[in-house]
Amino acid sequence: MSGPSTYEPKSGFTRWLDARLPIARLAYDSFVDFPTPKNLNYWWTFGGILAICLVTQILTGVVLAMHYVASTDQAFASVERIMRDVDYGWLIRFIHANGASMFFLAVYIHMFRGLYYGSYKAPREVLWILGCVIYLLMVATAFMGYVLPWGQMSFHGSAVITNLLGAIPLVGETIKTYLMGGPAIGDPTLNRFFSLHYLLPFVIAGVVVLHVWALHVAGNGNPTGVAVKEVKKDTVPFHPYYTVKDGFAILLFLMLFAVFVFYFPNILGHADNSIEANPLQTPAHIVPEWYLLPFYAILRAITFDVGPIPAKLLGVMAMFGAILILFVLPWLDTSKVRSMRYRPIAQQMFVLFVLAAVGLGFCGANNPDDLIFKFRDDKLSVSYADTNGVAQARLFDDFSEAKAFQSSLPPTAAASIEVSSSGFKWLWLSQALSAYYFLYFLVVLPVLGIVEKPKPRPASIADSVHRRSKSAAGAVPQAAE
Amino acid sequence: MNLVGRPGRFSSEQERIAGLEGELADGKRRSGAEQDEPALLSFGSLKEGRPAVVTSPAAKIGVIHCCALQGAIGEGKTARFYDVDFSPEACSQPHGSAQILGYVGLIESQAHFTAFPRVGASCDIKPRASCGSARYVWRTKLRIPWESRVAEHGSDSQSAGGAHAGETRRDFIHIAAVTVAAGGAAALAWPFLQQLGPAADTRALSSTEVDVSKVPLGGEIRILIGGMPFFVRHRTDAEIQDARNVDISKLRDPQTDDDRLRPKADGSLNPAILVTSGSCTHLGCVPVGPAQGTLGDFGGWYCPCHGSHYDTSGRIRKGPAPLNLPVPKYEYTSDSIIKISL
């Protein structure tokens, strides 16, 4: 796509360097003169935003590692020291902690963008898969990073996740032991998590290089999904057109970032993590960070065994499957049309998918057995054993009636009174949304590609821009005055 | 126009424009827009924007009719050429003959910017909607004067304020953006630099109190404050006399013994107690002293690293060290308690 390089070294030094290490030429061809479709919208700015996020996390992370102590005795105190004693430590830590959330916010928008505009389709399958690898690495990095402050949620959250791996048949226990380095989460775990948490961002940076490389082979997609036909007509150089557009989007994003860092630095965290880890006391309600809640909801949605597979293992499979299924998406979507702009049914299915994904996040944040809404008012239930020893229950509205009924029963009935609620459980919602999550990939996209009749697409990018500007000019000529 | 970043080359649009020399006709004109329009153009006040009017040998020959320009150049390239997609100006005069006010040229590497040929005060740019349909033919001639750039830039003192507005606006935006970015970068760099310094808890540990009455006569104690070694020595009378009987004019770093003591609360000196830094002023080794059994040639301290000898006042007497052992900041908080600070 790049075509022949247009870089012309200006000075003697750049000519000298260019003949030996054409790094300036590479940068120029990749980020200055790179031909970019002229019709990219703001959803396309999140690539640049994510690059900023990665750099932010690495910079702040390197600084935090200068002050952090990876030891179960000192980790929590060292984080508090960063917050109180290290000059601007509070700022750098808040940037790092909220930066993780911002990173995931941006990556989810970036992924939804790819899903909607068919960015995973040929010839960009490898580009997409590299993106999935980056996402997987991000999840691993974020998970291990959350353990480091050694708060209550750090400790027990990591205990839950590592125990999940124990559910894998045959090798699960071994993996779990090697991950923890002992019988439970402790000093060895903390030290290897710290080491890997420092390492993985640089692995991510490496895969990002591959991601950008793959991007520059196929070139950017675009909202129409129509491939670039004529570079001169369909594209503009990356600089200044998209450096400025991305720069503007980055500024807006950083403003949102700053709002969190300076005004709500703890709103995305959990209060329990301000308590030092205590292995003998588990918090009442263990939840991961918000960006992992949908997968946590999928994990907990599986409460039933399927054949020989126990519910616990099935939940783990579903949770990892929800991410891994993205890797094969290019071959699940059978449609020849890239952009859902021209796929009316897929468009609606996509909106439902986004709603399902966000809904799963809410499901993950709530206790599965809590009720979203009630079918009826709460009643009192008297449960007892009848003369044959079979468990029975009767509902009452009034406590005195229930009490009278309970007293009328013989002591052998062992009657007890409890509140009986009936309503729609979060569990059921997460089961329905999880089902749609997988149906979307396994049924909707494969089938729709065959049965759906797409709308006509523009002949070229230039053509789509031309028609849009013409219709805009025709529609509001007077408004300009 | 895609000229930015590719100076010195024709972009595809320019090539297309370059080929567009000749008459441009627009046969339509909507009536009604003529009432408020200024009358005749004053050719002398013709000003250039970008694309700019270039100095033409033939003066007063044409009006740049923007409808025509748009129609002709915009063909097939509307989206990219919005830059030059002139709105019609009100300078269309109610007469039926064609006129050419000047040559239109595109200035290399500038044409990306939205620019209008401004025709002085007598010609204002109106939005596209006021574009009349001309009953008459406007002529314009397009040339690409690549050599004329220098002549075009900023040298025209007669230009009205708006003539070079595009250029100054662009400069302003560039400078403003770079300034804001530099300010942001500096503001960001400051916390990242400052965190490298000693933290508040480290700073809080930068002083300590010592009970000098516990130091045995003729001996010393060594203390660490924030990792820095300090000596507190209880000198004998002989050592004090040695320190005082030195001709300081022969010293490498002249200081009297009294200069190296700090007064008590009542203002008197306590020559028995000498407090010095424990780092040799040569390369920072810790000299050996009474506790190690070596006092050096002058009865004070001896640095084993490179052989510096200090006397009983901690002054350098022999060896490579350039300065006396520094006396730290300390004060007597009572008769026998001193507080040493970094």
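Residues numbered from 1 in each chain as written. Chains lettered and ligands numbered in written order. Predicted model: local features only at pLDDT ≥ 70, side-chain atom pairs only at ≥ 80, totals over all residues. Heavy atoms only, no water.

Moving on, we get to the overall build of chain A. On a plain count of helices and strands, chain A comes out with 18 helices and 7 strands. Within chain A, the fraction of its 481 residues that count as buried is 48%. Of the contacts made within chain A by residues no fewer than 6 positions apart, 78% connect residues no fewer than 24 positions apart. By element, 68% of the accessible surface of chain A is carried by carbon and sulfur atoms, the whole surface being about 23,900 Å². (Helix = DSSP H or I, 4+ residues; strand = E, 2+ residues; numbered from the N terminus. Buried < 20%, exposed > 50% of the residue type's maximum accessible area, 1.4 Å probe, protein only. Contact = heavy atoms within 4.5 Å. Areas by Shrake-Rupley, 256 points an atom, 1.4 Å probe, with all protein chains shown as cover.)

The next thing to look at is the overall build of chain B. Scanning chain B from terminus to terminus reveals 6 helices and 14 strands. Relative to its full complement of 342 residues, chain B shows a buried share of 46%. Excluding contacts between residues fewer than 6 apart, the proportion of contacts in chain B whose partners are at least 24 apart in sequence is 69%. About 16,500 Å² of surface is accessible on chain B, with carbon and sulfur atoms providing 56% of the total.

All right, on to empty space enclosed by the protein then. A water-sized probe rolled over the atoms picks out the places where empty space is left. All names here are of chain A. Enumeration according to the criterion identifies 2 cavities of 30 Å³ or more in this entry. Estimated volume of the largest cavity: approximately 60 Å³. Every residue lining the largest cavity is listed: Trp-44, Tyr-117, Gly-118, Ser-119, Arg-124, Gly-221, Asn-222, Gly-225, Val-226, Ala-227 and Arg-338. Of the residues belonging to the lining of the largest cavity, the class tally is 4 nonpolar, 5 polar and 2 charged. Within this model, the second largest cavity holds a volume of roughly 40 Å³. As for the second largest cavity, its lining consists of Ala-297, Arg-300, Ala-301, Cys-363, Asn-366, Pro-368, Trp-426, Leu-427 and Ser-430. Those elements that place two or more of their residues in the lining of the second largest cavity are helix 12 (293-301) and helix 17 (426-451). Tallied by class, the residues present in the lining of the second largest cavity amount to 6 nonpolar, 2 polar and 1 charged. (1 Å grid on protein atoms, 1.4 Å probe; cavity = no way out; pocket = protein on both sides within 12 Å on 5 of 7 lines; lining within 4 Å. Points joined across faces, edges and corners; volume = space filled by probe spheres on them. Nonpolar A, V, L, I, M, F, W, Y, C, P; charged D, E, K, R; others polar.)

The subject of this paragraph is the state of the cysteines. Counted under the stated rule, the structure contains 1 disulfide over all chains. No disulfide involves B:Cys280; its nearest neighbouring cysteine sulfur is the one of B:Cys303, lying 3.8 Å away. (Disulfide = S-S within 2.5 Å.)

Residue and element names in this part refer to chain A. Position of Arg-113 among the secondary structure elements: in helix 5 (residues 89-116). Assessed through its relative accessible area of 11%, Arg-113 is described here as buried. Those residues in contact with Arg-113 that lie beyond four places of it in its chain are Trp-43, Trp-44 and Ser-119.

Quick look at a nonpolar patch on the surface now. All names here are of chain A. Together, Trp-90, Val-259, Phe-262, Tyr-263, Phe-264 and Ile-267 make up a nonpolar patch on the protein surface, roughly 650 Å² of accessible area in all. The leading source of residues in the nonpolar patch is helix 11 (residues 238-263), at 3 residues. The exposure class of Val-259 is partly exposed, given its relative accessible area of 37%. (Patch = residues over 30% accessible without salt bridge, like charges linked within 9 Å, V, L, I, M, F, W, Y side chains within 5 Å. Salt bridge = Lys/Arg side-chain N within 4 Å of Asp/Glu carboxyl O.)

Moving on to the side chain of B:Glu220. All names here are of chain B. Mapping Glu-220 onto the fold places it in strand 7 (residues 220-225). Overall, the relative accessible area of 10% leaves Glu-220 in the buried class. A polar contact is formed between the side chain of Glu-220 and the side chain of Arg-222, at a distance of 2.9 Å. Polar side-chain contacts of Glu-220 include one of 2.8 Å to the side chain of Trp-301. If near-sequence neighbours (up to four positions away) are discounted, Glu-220 is found in contact with Val-215, Phe-231, Val-232, Arg-233, Gly-289, Pro-290, Gln-292 and Trp-301. (Polar contact = N/O pair within 3.5 Å; in protein donor to acceptor, adjacent residues only side chain to side chain.)

Time to look at the packing of helix 3 (residues 46-67) of chain A against helix 11 of chain A. All names here are of chain A. Relative orientation of the contacting elements helix 3 and helix 11 amounts to 50°, with a least axis distance of 9 Å. Classed by the angle they form, the pair helix 3 and helix 11 counts as oblique. By crossing handedness, the relation of helix 3 to helix 11 is classed as right-handed. Contact residues: Gly-48, Ile-49, Ile-52, Cys-53 and Thr-56 in helix 3; Ala-249, Ile-250, Phe-253, Leu-254 and Phe-257 in helix 11. Residue classes in the contact of helix 3 with helix 11 are distributed as 8 nonpolar, 2 polar and no charged. (Axes fitted to C-alpha atoms, helices over the stretch in contact; angles between N-to-C directions. Parallel < 35°, antiparallel > 145°, perpendicular 65-115°, else oblique. Left-handed = near helix turned anticlockwise from the far one by under 90°.)

It is worth spelling out the sheet that holds strand 5 (residues 391-396) of chain A at this point. Residue and element names in this part refer to chain A. With respect to topology, 3 strands assemble into an open sheet ordered 5-4-6, the strand pairing being antiparallel. Two strands lie at the open edges of the sheet, namely strand 5 and strand 6 (416-420), each paired on one side alone. Here the strands of the sheet are splayed against their neighbours by 30° on average, with no regard to which way each runs. In this sheet, strand 5 lies alongside strand 4 (residues 379-385) in antiparallel orientation, the contact comprising 6 bridges. Residue pairing across strands places Ser-381 opposite Leu-395, the latter belonging to strand 5. Along the sheet face, helix 16 (residues 399-408) touches strand 4, strand 5 and strand 6 and points at about 5° away from the line of strand 4. (Pairing = 2+ DSSP bridges.)

All names here are of chain B. Taken as a whole, chain B shows an average pLDDT of 66; of its residues, 51% reach a score of 70 or greater. Here strand 2 (residues 61-62) stands out as the element of chain B with the lowest mean pLDDT, 36, in contrast to strand 9 (residues 273-277), whose mean of 95 is the highest. This model gives residues 1-163 a pLDDT under 50, and the stretch forms 310 contacts once residues within four places in sequence are excluded. (pLDDT = per-residue confidence, 0-100.)

What follows covers the pattern of salt bridges. Residue and element names in this part refer to chain A. Applying the stated criterion across every chain, the model contains 19 salt bridges over all chains. In this structure, Arg-343 and Glu-452 form a salt bridge, with 3.0 Å as the shortest nitrogen-oxygen distance. Separated by 109 residues along the polypeptide, Arg-343 in the loop between helix 14 (329-332) and helix 15 (344-365) and Glu-452 in the loop between helix 17 and helix 18 (461-475) bring together distant segments of the chain. Pair check on accessibility: Arg-343 and Glu-452 agree, each one buried. Where Asp-397 meets Lys-379, a salt bridge forms, and the shortest distance between an N and an O atom there is 2.9 Å. Taken together, the residues Asp-397 in the loop between strand 5 and helix 16 and Lys-379 in strand 4 connect sequence positions 18 residues apart. According to the relative accessible area criterion, Asp-397 is exposed, its value standing at 65%. Assessed through its relative accessible area of 24%, Lys-379 is described here as partly exposed. Connected through salt bridges with shared partners, the residues Lys-121, Asp-333, Arg-343 and Glu-452 form a single ionic network.

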